[in-house]
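Per-entry structural report
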Amino acid sequence: LDDELESLYRTTYNAVVRFLYRKVWDADRAQDLAQEVFVRAMAHRPEKPRAWVFAVAANLARDEARAAVRRKRHLTLLTSDPVILPTREQSADEQVEHDEQMAKVQRALNLLTPRDREVLLLWDSGLSYPEIAQHTGLAVGAVGTTLARARRRLVEAHDREEARDQTDHAAHS
Amino acid sequence: MLHIPEDELHAYLDQALSRSQCVEIESHLAACPRCQSMRDGIAALRDRTTALLSVLAPPVTLPPGIETIRARARGVVHGRQRAMRAGIWAASLMAALGLGWTANLWLGGEEASGVDQALVQDPDSAAAQLPSVPDSPRTSSSSSPTQTVALREPSPPRMERNTDSPTVTTLLPEPIRQEPDSVPRLVQTVAVDPLPADQDSIDFGASNNSAVLTGGQGLGEMVTESMWRIVTIGDAEQESGAPVASVPGLPVVQVKVQGLQPNQRIVAVEQQLATGEVIRTIEGPAAQMSDLLARDGQRSVLGQSTTANPLDALMTMRFGDRMVALRGPADSVRALMNRLAVPKKQ
């Protein structure tokens, strides 16, 4: 089990960070929480560690959101602009463009229902349909339907954001 | 000609179908231009979704070494063991208190009536008849771990620090007053050992049922003569003598038990889905369950807590003389019911 957990840690750590980041919108916090997830996995030694890790990550992200609300901190979740650290040196223009694109995708993602968003993020983190079904309560057959709807709505919402952005630019110029 | 549903094409591209389903879909695609077009559209949609989500990725960083995680995990395990030892210690203390209290009720009951009569006539001589009270109640705690004295008045106790031993807290009643028609009450005085240095408080655990009786939140909102007891899942299984009904694989938020008789016991389990929604499973004898659902109009039994969703649906199923009810998101409740693990009860 130790080897399995170690292998899982090496292969899934970044996916867990990404999954958490899309919930807390804070890269450092996402990494802290991801480490906490794996610490708990090592301590609890779950039978199905991969699915367990994402379930605990979802719970930690939710606790984080509640704590943020309690502290009334401008941390997170679905409405604030994401805090990002550039992976490489970017020019100011590139940085601005990247931030704008990120904000648009984030707004589009926030327009999905919580169920659609969760299924989409779990799928993007690499979970299988049965694993997604287990943690969302959906039937395995319903995961495909939910995913189809979530993808369509995300792209449609993003297109609307793009169109609005272009209209705004045209109005300003 | 039947075409492939959209969600199946998503599942096909996500490699979520069985080998035989893939073969079936591929043979259909080979002969159906319309489905081919739809597949290409879905593949493009899928790629675009992936590209959009990749924008929302944090900077890639190297994870800390596995040894760092292991060391922290060891700390967690040790902390849990310490907490367990403290729990056992606290449970032992409670058991000792309970035993002492019960024993005094049994042993002191007969004497108490004699004392009562004696108190009416002569309080001083009555005090001399009290069994095993080496000091007055105000200073008794430091000399004996557990002492019980007979008192006349059940007045609210006052908390006072015993200066002889800083770790001893003594419950002090008001002084005895002579009221011949009042009933003697038993008040316990106990010497308490200090907590471990690394522990702020004692967790008496959910097994201490008398301390956690609730009736006003979550599943216990209903107003009935019965009360829900919050217990650990281990205690619920121990009481039932079998695993409790729940959906495997989902984290358990809370377990509540109603009814003291084993054949009338109802167990309620709250579990959380990854979406944050809470599902509730209640299992018990069919007669009690029917009564519960009817009396409560299915309202507070399985929902209406702070986490309940008004769109939740309720589904019940009967197994012989037992019944299980499950409340959860309407689009999930049927699938959850199918996954429900219901133990066989005697």
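The following paragraphs examine the structure supplied in this document. Quick caveat: nothing in here was measured; it's all calculated off a predicted structure.

1. Things to note about the overall build of chain A
The helix and strand tally for chain A stands at 7 helices and 0 strands. Going from N to C terminus, chain A has its helices and strands arranged as α-α-α-α-α-α-α. Counting over 173 residues, chain A shows a buried share of 54%. Sequence-distant contacts, at least 24 apart, represent 63% of the contacts inside chain A between residues at least 6 apart. Counting every atom, chain A has about 8200 Å² of accessible surface; 50% of that belongs to carbon and sulfur.

2. Observations concerning helix H2 (residues 19-31) of chain B
Residue and element names in this part refer to chain B. With 13 residues, H2 ought to run about 18 Å at 1.5 Å a step, and its terminal C-alpha atoms sit 19 Å apart, in line with that. Within the span of H2, buried status applies to Cys22, Ile25, His28 and Leu29. One side of H2 carries all its buried residues, which in axial view fall inside an arc of 130°. Along H2, exposed side chains directed more than 90 degrees from the buried face belong to Arg19, Ser20, Glu24, Ala30 and Ala31. Along its buried surface, H2 packs onto helix H1 (6-13) and helix H3 (33-55).

3. Quick word on the pairing of strand S9 (residues 278-285) of chain B
Residue and element names in this part refer to chain B. The buried count for S9 comes to 8 of 8 residues, which makes it a mostly enclosed element. Relative to S9, strand S8 (residues 266-272) is paired through 6 bridges, and the arrangement is antiparallel. Across the sheet, Val269 pairs through a bridge with Thr281, a residue of S9. Here S8 hands over to S9 after 5 residues, with Gly276 in that stretch at a positive phi of 95°. As judged from the 6 bridges shared by S9 and strand S11 (residues 322-329), these two strands associate in the antiparallel manner. Bridge pairing links Gly284 to Met323 in S11.

4. Considerations on the interface of chain A and chain B
Taken together, the 58 residues of chain A in the interface contact 48 residues of chain B. Roughly 4600 Å² is buried in total at the junction of chain A and chain B, and carbon and sulfur atoms are behind 62% of that figure. A:Arg115 is the salt-bridge partner of B:Glu277, the closest N and O atoms lying 2.6 Å from each other. Joining chain A to chain B, the criterion identifies 18 residue pairs in polar contact (both at pLDDT 80 or more). Looking at the side of chain A that touches chain B, the elements with two or more residues in it are helix H1 (2-24), helix H2 (27-44), helix H3 (49-71), helix H4 (92-110), helix H5 (114-124), helix H6 (129-136) and helix H7 (140-172) of chain A. When residues in the side of chain A that touches chain B are grouped by element, the largest group, 11 residues, is from H7(A). Residue classes in the side of chain A that touches chain B are distributed as 27 nonpolar, 17 polar and 14 charged.

5. Section: the nonpolar core
Among the nonpolar cores identified, the biggest contains 70 residues, and A:Leu109 and A:Leu120 are the most heavily contacted of them. Counting residues per element, this core draws most heavily on H1(A), which supplies 11 residues. Of all hydrophobic cores here, the second largest spans 12 residues; its members include B:Val247, B:Ile279, B:Leu336 and B:Met337.

6. Focus: the pairing of S11(B)
Residues and elements named next belong to chain B. Of all 8 residues that make up S11, 8 are buried, and the element is covered over most of its length. Both strand S10 (residues 312-319) and S11 contribute to a ladder of 8 bridges, which runs antiparallel. The residue of S11 that forms the bridge with Phe319 is Arg322. Count of turn residues in the S10/S11 antiparallel hairpin: 2 residues, of which Gly320 carries a positive phi of about 60°.

7. Observations regarding a negative patch on the surface
All names here are of chain A. On the surface, a cluster of negative charge is made up of Asp93, Glu97, Asp99 and Glu100. Its place among the elements puts Asp99 in helix H4. Residue class for Asp99 comes out partly exposed when judged on its relative accessible area of 33%.

8. Topic: the pattern of salt bridges
Should their charged atoms come close, side chains of opposite charge can pair. All names here are of chain A. Summed over all chains, the structure comprises 24 salt bridges over all chains. The closest approach of N and O atoms between Glu6 and Arg10, which form a salt bridge, is 2.7 Å. On the criterion of helical spacing, the pair formed by Glu6 and Arg10 is a turn pair, its members being 4 residues apart in helix H1. Take Glu6: its relative accessible area is 18%, and that puts it in the buried class. For Arg10, a relative accessible area of 54% corresponds to the exposed category. Among the ionic pairs, Arg29 bridges to Asp32, the shortest N-O distance being 3.8 Å.

9. A few points about empty space enclosed by the protein
Tallied over the entire structure, the rule returns 1 cavity of 30 Å³ or more. The computed volume of the largest cavity comes to approximately 30 Å³. For the lining of the largest cavity, a count of residues per class yields 5 nonpolar, 3 polar and no charged.

Basis of the calculations
- Residues numbered from 1 in each chain as written.
- Chains lettered and ligands numbered in written order.
- Predicted model: local features only at pLDDT ≥ 70, side-chain atom pairs only at ≥ 80, totals over all residues.
- Heavy atoms only, no water.
- Helix = DSSP H or I, 4+ residues; strand = E, 2+ residues; numbered from the N terminus.
- Buried < 20%, exposed > 50% of the residue type's maximum accessible area, 1.4 Å probe, protein only.
- Contact = heavy atoms within 4.5 Å.
- Areas by Shrake-Rupley, 256 points an atom, 1.4 Å probe, with all protein chains shown as cover.
- Expected span 1.5 Å × (residues − 1).
- Arc of directions from axis to C-beta.
- Pairing = 2+ DSSP bridges.
- Buried area = accessible area lost by both parts, 1.4 Å probe.
- Salt bridge = Lys/Arg side-chain N within 4 Å of Asp/Glu carboxyl O.
- Polar contact = N/O pair within 3.5 Å; in protein donor to acceptor, adjacent residues only side chain to side chain.
- Nonpolar A, V, L, I, M, F, W, Y, C, P; charged D, E, K, R; others polar.
- Core = buried A, V, L, I, M, F, W, Y, C linked by side-chain atoms within 4.5 Å.
- Patch = residues over 30% accessible without salt bridge, like charges linked within 9 Å, V, L, I, M, F, W, Y side chains within 5 Å.
- Lys, Arg positive; Asp, Glu negative; His and termini not counted.
- Charge placed at Lys NZ, Arg CZ, Asp CG, Glu CD.
- 1 Å grid on protein atoms, 1.4 Å probe; cavity = no way out; pocket = protein on both sides within 12 Å on 5 of 7 lines; lining within 4 Å.
- Points joined across faces, edges and corners; volume = space filled by probe spheres on them.

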